[in-house]
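Listed here are the chains, written in short residue letters.
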Amino acid sequence: MSTNSGHHYGYYPGCSITKNAAAYGVSTDAIARILGLHLHEISDWNCCGASEYFSINQLPAYALVARNLALAAGEGATEVVAPCSLCYVNLYKTDKNMRLHPDLKAKVNRALDAGNLHYEPDTLKVRHLLDIVVNDVGYDGVAAKVTKPLYNLRVAPYYGCLIVRPDTGFDNVEYPTTMDKLMETLGATVVDYPLKAECCGGHMTQISDTVALELIRRLLHNAAEYQADVIVTVCPMCQLNLDAYQADVNKRFGTNYHIPILYFTQVMGLAFGMTPKDVAIGKELVSADRALTKITAEPPEKPKTRKRDKKALPMPDMIE
């Protein structure tokens, strides 16, 4: 890629993009080329520790994440972008807490000394990929690249519980709308999705099937209520839970959900004229083939009404 134009960022891909979320990585690279986003992968980056490590031993957890920040700063980056919501939150909170707590900063840098590294908080601005797309490229910039609008595709935008909490400043913490506007820019019909910022359960699938499957069921049910063709997400863990455990939800609750779970970068690629294969559609477990047949060459004649599906199952109270 040329390095003389476009937006330049240090890029922290995260572990999941190299494995179960490979479709996110492929589609991120694809839209980056179209949008002029130059993502310079941080050399020798390491795992962010996910969520468990911070619950076990905070100092090594912060040092693990700070190593990535130190590497990025050492390579001259001023901004670091992460597509994974959990990676983003860990990078963001490490930078923030090192700034707010001098004792933590000193201890972390003492640990980094072992690798001849040092990190000064606020050297970098940590951002999520969605933030980059909607605020740096902008909706008009995205619209300029749309060649095949996603007319008549009904999309439920699912943000998950992480990327706007704690308040990161680029969207509303309780009812975010940036991805809604992005999907509308692509020509899709955005359905109301009240649970858009609720938790998918994270790693609860490994701890309690009862709790995890109910959390996932609620999200699928809410999308079905508003007759969504697809759920579009920004997080590998959210995609994994809603996709991989959808069959288990159907078995447990006697439901029949078949809602494909795609990354926002994948649907962007489709609107930019790429083929499903170009953006790795087909790697999901719940096939998106039928949903994509809903896309038409002409926009709907009148706005879709947002009516609840009367056949959808009633939503029981959350399990305590």
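Refer to the structure above for everything that follows.
All residue numbers refer to positions counted from 1 along the written sequence of the respective chain. Local features in this predicted model are restricted to residues whose pLDDT is 70 or higher, and side-chain atom pairs enter the listing and the counts only when it is 80 or higher, whereas totals over whole chains, interfaces and linings include all residues. To obtain the side-chain values, all non-hydrogen atoms of the structure were included, while hydrogens and water were left out.

As a further point, take the pattern of salt bridges. The salt bridge definition used is simple: a Lys or Arg side-chain nitrogen within 4 Å of an Asp or Glu carboxyl oxygen. Tallying each qualifying case throughout the model produces nine salt bridges. In this structure, the salt-bridge partner of Arg67 is Asp44, at a minimum N-O distance of 2.5 Å. With a gap of 23 residues between them, Arg67 in helix H3 (residues 58–74) and Asp44 in the loop between strand E2 (37–41) and helix H2 (52–56) connect regions that are remote in the sequence. Whether a residue is buried, partly exposed or exposed follows from its accessible area with a 1.4 Å probe, protein chains only, as a fraction of its type maximum: under 20%, in between, or over 50%, in that order. Take Arg67: its relative accessible area is 23%, and that puts it in the partly exposed class. For Asp44, a relative accessible area of 56% puts it in the exposed group. One salt bridge in this structure joins Arg99 and Asp122, with 3.1 Å as the shortest N-O distance. Taken together, the positions of Arg99 in helix H4 (residues 85–100) and Asp122 in the loop between helix H5 (102–112) and strand E4 (125–128) put the pair 23 residues apart, joining distant regions of the chain. Through salt bridges with shared partners, a single network forms among Glu79, Arg127, Asp131 and Asp136. Think of it this way: any DSSP run of H or I at least four residues long counts as a helix, any run of E at least two long counts as a strand, and we number them from the N terminus.

Okay, the nonpolar core next. Here, the term nonpolar core denotes a set of buried Ala, Val, Leu, Ile, Met, Phe, Trp, Tyr and Cys residues that are joined through side-chain atoms within 4.5 Å. Counting 84 residues, the largest nonpolar core has Tyr12, Leu130, Leu182, Met183, Leu186, Phe264 and Met268 as the members making the most contacts within it. It is H3 that contributes the most residues to this core, eight residues altogether. For Leu186, the contacting residues outside a window of four places in its chain are Val142, Val146, Pro149, Leu150, Val267, Met268, Ala271 and Phe272. Membership of the second largest hydrophobic core comes to 22 residues, among which are Val191, Cys200, Leu242 and Val249. By definition, residues are in contact when any of their heavy atoms lie within 4.5 Å.

As a further point, take the packing of H3 against H5. Between H3 and H5, the shortest axis-to-axis distance is 9 Å and the interhelical angle comes to 70 degrees. Put simply, H3 runs roughly perpendicular to H5. Side by side, H3 and H5 meet where Leu59, Tyr62, Ala63, Ala66, Arg67 and Ala70 of the first sit next to Leu104, Lys107, Val108, Ala111 and Leu112 of the second. Under the scheme applied here, ten amino acids are nonpolar (Ala, Val, Leu, Ile, Met, Phe, Trp, Tyr, Cys and Pro), four are charged (Asp, Glu, Lys and Arg), and all others, including Gly, are polar. Split by residue class, the contact of H3 with H5 holds nine nonpolar, no polar and two charged. Between N-to-C directions, angles span 0 to 180 degrees; the directions come from axes that are lines fitted to C-alpha atoms, helices contributing only their stretch in contact. Here is the rule for angles: anything less than 35 degrees is roughly parallel, anything more than 145 is roughly antiparallel, 65 through 115 is roughly perpendicular, and the remaining ranges are oblique.

Next up on the list: unusual backbone geometry. A positive phi is found at Asp44, a non-glycine position, where the angle reads about 60 degrees. Positive phi, close to 55 degrees, is recorded for Gln227, a residue that is not glycine. Considering the arrangement of structural elements, one finds Gln227 in the loop between helix H8 (209–225) and strand E7 (230–233). For Gln227, a relative accessible area of 41% corresponds to the partly exposed category.

Moving on to the sheet that holds strand E1 (residues 7–11). As a general point, the strands of a sheet are linked pairwise by backbone hydrogen bonds and lie either parallel or antiparallel. Reading across the sheet, the four strands line up as E2-E1-E3-E4 and stay open at both edges, with parallel pairing between neighbours. Among the strands making up the open sheet, the edge pair consists of E2 and E4. On average, each strand axis in the sheet is tilted by 40 degrees relative to the strand beside it, whichever way the strands run. We call two strands paired when DSSP finds no fewer than two bridges between them. Alignment of strand E3 (residues 79–82) against E4, held across four bridges, turns out to be parallel. Paired with Ala82 across the two strands is His128, which belongs to E4.

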